[in-house]
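# A closer look at the structure
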Amino acid sequence: MTDNGQVFHINTRGISPTKGPVALPEPAERRAGEIIRQYPQSRSAIMPLLYIAQEHFGLITQAGIDWVASRLSLPPIQVWEVATFYTMYYKKPVGRYHVQVCRTLPCALRGAKKVSEFLHRRLGLKPGEVSKDGFWSFEEVECLGSCGTAPMCQINDVFFENLTDEKLTQILARIEKEKPDLRFSTIRDELGAGLAGSPKSEIV
Ligand code: FES
């Protein structure tokens, strides 16, 4: 129940108790250990460990939840609660390039609807859909913390800001041509090479 008395429900389908030891490959386990040691209470490492699970499995799966739960000695439901709250954890498969458009007020006032409509036309996708070839997926999300450069979107783990139709046209064309690594690896603790010439931020 929330503070204002509203009742909400978490989709508990698929949740089951942790089934014995779960282990990921050694680099993931080592990185998880490093992260857990940074916190006085191990449960504080839920979010980075969920990123590791997502990086390994490609999305948040029951096996990933069980792994996080076992590393942090928590019930799986507590890990699900965090995973289902945040849109950056994928609860269903996404495309190779996952476009998340912020639709919260500052972005809305600066043209987020236009950005979404442009993507709908350009990608042929409605929010929540994945293209048939699995290359693109598209979603509308709440504030991504880049309000000062609205309107903006996040593609995989890279922000693209101050968007216009022209800018988006160039960004999408370059991604289709260059197929850059726009992922942040929590296991390696580094961002992918990104688009040529501007690996860490927007490109045009
Ligand atoms: S409102 Fe869009 S990033 Fe904050």
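Above this note sits the structure.
Residues numbered from 1 in each chain as written. Predicted model: local features only at pLDDT ≥ 70, side-chain atom pairs only at ≥ 80, totals over all residues.

Attention now goes to the environment of lysine 114. Here lysine 114 is to be found in helix α6 (residues 112-123). For the pair lysine 114 and threonine 164, spaced 50 residues apart in sequence, the C-alpha separation works out to 8.6 Å. (Helix = DSSP H or I, 4+ residues; strand = E, 2+ residues; numbered from the N terminus.)

Counting residues in each nonpolar core, the largest one holds 21 residues, and the members touching the most others are Val99, Val101, Val115, Met152, Cys153, Ile155 and Phe160. Elements with a minimum of two residues in this core: β1 (97-102), α6, β2 (136-141), β3 (153-155), β4 (158-160) and α7 (165-178). Of all the elements, β1 adds the most residues to this core, at four residues. The contacts of cysteine 153, once residues within four sequence positions are left out, are Val99, Gln100, Val101, Cys102, Val115, Phe160 and Leu163. Membership of the second largest hydrophobic core comes to 19 residues, among which are Ala32, Tyr51, Leu72 and Ala83. (Core = buried A, V, L, I, M, F, W, Y, C linked by C-beta atoms within 7 Å. Buried ≥ 20, exposed ≤ 12 C-beta atoms within 10 Å, placed from the backbone. Contact = placed C-beta atoms within 7 Å.)

Here the focus is the packing of helix α2 (residues 46-57) against helix α3 (residues 62-72). Any two packed helices are characterised by how steeply their axes cross, that is the angle between the axes, and by the distance between the axes. Direction vectors running N to C along α2 and α3 enclose 145°, while the axes themselves pass 9 Å from each other. Crossing geometry of α2 relative to α3 is assigned as right-handed. Two secondary-structure elements touch here, α2 through Ile46, Leu49, Leu50, Ala53, Gln54, His56 and Phe57 and α3 through Ala63, Gly64, Trp67, Val68, Arg71 and Leu72. Of the residues assigned to the contact of α2 with α3, the class counts are nine nonpolar, three polar and one charged. (Axes fitted to C-alpha atoms, helices over the stretch in contact; angles between N-to-C directions. Left-handed = near helix turned anticlockwise from the far one by under 90°. Nonpolar A, V, L, I, M, F, W, Y, C, P; charged D, E, K, R; others polar.)

Let us look at the packing of α2 against helix α4 (residues 76-85). Here α2 crosses α4 at 80°, and the two axes come no closer than 11 Å. Relative to α4, the element α2 lies roughly perpendicular. Residues Ile46, Met47 and Leu50 of α2 form the contact with α4, whose participating residues are Val79, Val82 and Ala83. Class assignment for the residues of the contact of α2 with α4 results in six nonpolar, no polar and no charged. (Parallel < 35°, antiparallel > 145°, perpendicular 65-115°, else oblique.)

Two faces, one strand: in a regular strand the side chains alternate between the faces of the sheet. Of all six residues that make up β1, six are buried, and the element is covered over most of its length. Residue alternation in β1 divides its side chains into two sets, Tyr97, Val99 and Val101 and His98, Gln100 and Cys102, and both sets are buried. Pairing between β1 and β2: six bridges, direction parallel. Looking at the pairing, glutamine 100 lines up with glutamate 139 of β2. Pairing analysis gives three bridges linking β1 to β3, with the strands arranged antiparallel. Bridge pairing in β3 places glutamine 100 opposite glutamine 154. (Pairing = 2+ DSSP bridges.)

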